[in-house]
Amino acid sequence: MSLPRHDVADLGLHQAGARRVEWAARSMPALRRIFERFERERPLEGLRIAACMHVTAETANLLRALRAGGAEVALAASNPLSTQDDTAAALVAEYGVMVHARSGMDPATYARNLATVLECRPHLLLDDGCDLVNLAHLERPELLAETVGGCEQTTTGVIRLRQMSAEGMLRVPMVAVNDTATKRMFDNRYGTGQSTIDGIMRATNALLAGRTVVVAGFGYCGRGLAERARGMGARVVVTEVDPVKALDAAMQGYTVLPMAEAAPVGDVFVTVTGNRDVIRAEHLAVLKDGAVLANSGHFDVEIDLPALESLAVDVRREVRPQADEYVLEDGRRLVLLAEGRLVNLGAAEGHPAAVMDMSFAVQALTVAWLAGNHADLAPGVVEVPAEIDTEVARLELRALGVRIDDLTPAQEDYLSSWRA
């Protein structure tokens with residue numbers, strides 16, 4: 001069998017990758033049911049999909065479902081540290097996906113891979129951070145004539161898409177998969193919370209009990225992280241710029257401080273804001289000796305890395321896997337995890353498969369909905385239809401063996417009539 005076009009580290013890893021993908025599939029029952037439905041109905045027949053996503057076993061199961069639906073898929077990695085080389089090999093050799101992704105690739109290779117997957121002349125774009133959409137609009141706008149829409153599954157990416165739309169630059173409908181209740185509540189909160197702690201523990205083997213963990217940002221990701229850090233015995237400090245979110249954190253019993261006041265007291269710092277320069281030079285200057293810096297926002301801009309480099313007189317790479325030690329002039333040592341990139345993917349394996357089952361089930365059903373309804377959509381940011389979110393929740397409840405009540409006709413009438 002001829003293989004699809006690819007650039008992966010080692011095709012010989014495909015059997016190990018297939019085992020990893022199949023292991024993840026055991027915890028993804030909703031996506032399995034969608035796979036079976038797509039195999040029967042073929043809702044994506046003849047469509048070409050270009051994707052920029054984390055190359056993990058969970059992503060592989062989403063792409064398998066899209067392939068079962070009849071799509072041709074080309075994948076580039078959205079983060080060089082999250083790529084599982086065995087999964088990349090399996091996607092090519094076992095599942096017929098065009099993959100351009102290698103663990104640890106440099107920025108030039110990352111950009112080249114994005115450009116390569118766009119050469120498939122995609123009908124649909126699946127993005128994880130908006131880099132693929134951005135590239136198509138800025139450098140390959142002629143390809144958008146065949147593009148009918150796409151999906152974005154990160155908070156950072158949706159922010160960028162809304163900015164593009166506000167400036168009249170977004171030329172296709174892009175569905176904000178990130179903004180669904182299942183994505184925010186489970187993927188962002190429970191997935192990011194657990195996987196971020198997992199990454200910090202793998203990289204440092206540090207005891208969190210009795211330590212002060214500073215969580216920058218109290219959106220869904222920050223809430224999940226704060227909950228899990230507190231559950232491990234840490235004192236949790238939250239920093240915020242949004243008064244409502246800060247009030248929420250305070251009412252949940254967390255200490256809320258400006259970063260300038262949190263910096264001298266924290267032992268572990270995690271940024272989850274979606275913004276840049278959250279931890280800056282003035283904060284780095286007062287951190288404790290041995291303070292740990294980690295990021296779970298999408299891009300490596302939340303910690304001011306140029307400032308950290310300029311303050312350091314020595315850098316000790318890989319003092320532990322995915323942990324670099326920066327020695328400052330006064331002898332203080334600051335430990336940066338996963339190069340300031342996503343620590344839950346750079347130093348761990350990302351969200352548990354059971355969490356990604358919900359996110360990717362929404363993604364798969366949304367792709368199928370886009371395929372059938374794109375003609376009715378205008379360019380801009382589009383919300384996921386509520387019935388898709390509800391359907392995925394029902395699939396997950398069924399998999400968990402959980403049953404719920406149905407409204408009686410009288411209850412439905414009561415809720416739908418103001419006269420009742």
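Just so it is clear, the model here is predicted, and its values are computed rather than measured. (Residues numbered from 1 in each chain as written. Predicted model: local features only at pLDDT ≥ 70, side-chain atom pairs only at ≥ 80, totals over all residues. Heavy atoms only, no water.)

**Digging into the sheet that holds strand β10 (residues 255–256)**
Now for step 1: Taking strand neighbours across the sheet as the criterion, the eight strands line up as β10-β9-β8-β11-β12-β15-β14-β13 in an open arrangement whose pairing is mixed. Of all the strands in the sheet, the pair left with one neighbour each is β10 and β13 (312–320).
Now for step 2: Relative to strand β15 (residues 333–337), strand β14 (residues 323–328) runs antiparallel, the two sharing five bridges. Note that in β15 the partner of Y326 across the bridge is L334. (Pairing = 2+ DSSP bridges. Helix = DSSP H or I, 4+ residues; strand = E, 2+ residues; numbered from the N terminus.)

**Quick look at the packing of helix α6 (residues 131–138) against helix α7 (residues 155–166)**
Now for step 1: Where α6 contacts α7, the axes come no closer than 10 Å and their chain directions differ by 30°. With respect to α7, the axis of α6 lies roughly parallel. On the side of α6, the interface is formed by D131, V133, N134 and H137, while α7 contributes R160, L161 and M164.
Now for step 2: Here the residues of the contact of α6 with α7 are counted per class, giving three nonpolar, two polar and two charged. (Axes fitted to C-alpha atoms, helices over the stretch in contact; angles between N-to-C directions. Parallel < 35°, antiparallel > 145°, perpendicular 65-115°, else oblique. Contact = heavy atoms within 4.5 Å. Nonpolar A, V, L, I, M, F, W, Y, C, P; charged D, E, K, R; others polar.)

**Some remarks on the pairing of strand β7 (residues 173–176)**
Two faces make up the sheet, and in a regular strand the side chains alternate between them.
Now for step 1: Burial of β7 is two-sided: the residues P173 and V175 facing one way and the residues M174 and A176 facing the other way are all buried.
Now for step 2: Handedness of the β-α-β unit built from strand β6 (residues 149–152), α7 and β7 comes out right-handed.
Now for step 3: Two elements, β7 and strand β16 (residues 380–382), share three bridges in a ladder whose sense is parallel. Among the inter-strand pairings, P173 is bridged to a residue of β16, identified as G380. (Buried < 20%, exposed > 50% of the residue type's maximum accessible area, 1.4 Å probe, protein only. Right-handed = clockwise from strand over helix to strand, strands pointing away.)

**So, unusual backbone geometry**
Now for step 1: Phi is positive for D277, which is not a glycine, with a value near 55°.
Now for step 2: Position of D277 among the secondary structure elements: in the loop between β11 (268–271) and α12 (281–284).
Now for step 3: Not every positive phi belongs to a glycine, and E339 is a case in point at roughly 60°.
Now for step 4: As for its position among the elements, E339 is in the loop between β15 and α14 (343–346).

**Side note on a nonpolar patch on the surface**
Now for step 1: Residues M185, Y190 and Y220 make up a contiguous nonpolar surface patch of roughly 240 Å² in combined accessible area.
Now for step 2: Inspection of the secondary structure assignment puts Y220 in helix α9 (residues 220–231). (Patch = residues over 30% accessible without salt bridge, like charges linked within 9 Å, V, L, I, M, F, W, Y side chains within 5 Å. Areas by Shrake-Rupley, 256 points an atom, 1.4 Å probe, with all protein chains shown as cover. Salt bridge = Lys/Arg side-chain N within 4 Å of Asp/Glu carboxyl O.)

**Examining the sheet that holds strand β2 (residues 48–53)**
Now for step 1: The parallel open sheet is built from eight strands, whose spatial order is β1-β4-β3-β2-β5-β6-β7-β16. Here the strands that pair on one side only, and so sit at the sheet edges, are β1 (6–7) and β16.
Now for step 2: Packing against the sheet, helix α5 (residues 107–118) makes contact with β1, β2, β3 (72–77), β4 (98–100) and β5 (124–127), and its axis sits at approximately 170° to β3.

**Focus on the pattern of salt bridges**
Now for step 1: Applying the stated criterion across every chain yields a total of 30 salt bridges.
Now for step 2: Salt-bridge contacts for E383 lead to R162; the nearest nitrogen and oxygen are separated by 3.2 Å. Linking E383 in the loop between β16 and α16 (386–400) with R162 in helix α7, this pair joins segments that are 221 residues apart in sequence.
Now for step 3: For E383, a relative accessible area of 43% corresponds to the partly exposed category.
Now for step 4: Classification of R162 as partly exposed rests on a relative accessible area of 38%.
Now for step 5: Residues K288 and D267 are paired through a salt bridge, measuring 3.1 Å at the closest nitrogen-oxygen approach. On the criterion of sequence distance, the pair formed by K288 in the loop between α12 and β12 (292–295) and D267 in the loop between α11 (259–262) and β11 is long-range, its members being 21 residues apart.
Now for step 6: One network of salt bridges, with partners in common, ties together R20, D86, D198, R202 and E349.

**Considering a negative patch on the surface**
Now for step 1: On the surface, D405, D406, E412 and D413 cluster together into a negatively charged patch.
Now for step 2: Its place among the elements puts D413 in helix α17 (residues 409–416).
Now for step 3: Note on D413: relative accessible area 47%, which makes it partly exposed. (Lys, Arg positive; Asp, Glu negative; His and termini not counted. Charge placed at Lys NZ, Arg CZ, Asp CG, Glu CD.)

**Considerations on the nonpolar core**
Now for step 1: Counting residues in each nonpolar core, the largest one holds 79 residues, and the members touching the most others are F38, L44, I49, L66, L75, L91 and V99.
Now for step 2: Top contributing element to this core by residue count: helix α15 (residues 353–373), with eleven residues.
Now for step 3: Discounting residues that sit within four places of it in the chain, L44 has contacts with F38, I49, L66, G69, G70, A71, V367, A368 and A371.
Now for step 4: Of all hydrophobic cores here, the second largest spans 28 residues; its members include I200, L208, C221 and A347. (Core = buried A, V, L, I, M, F, W, Y, C linked by side-chain atoms within 4.5 Å.)

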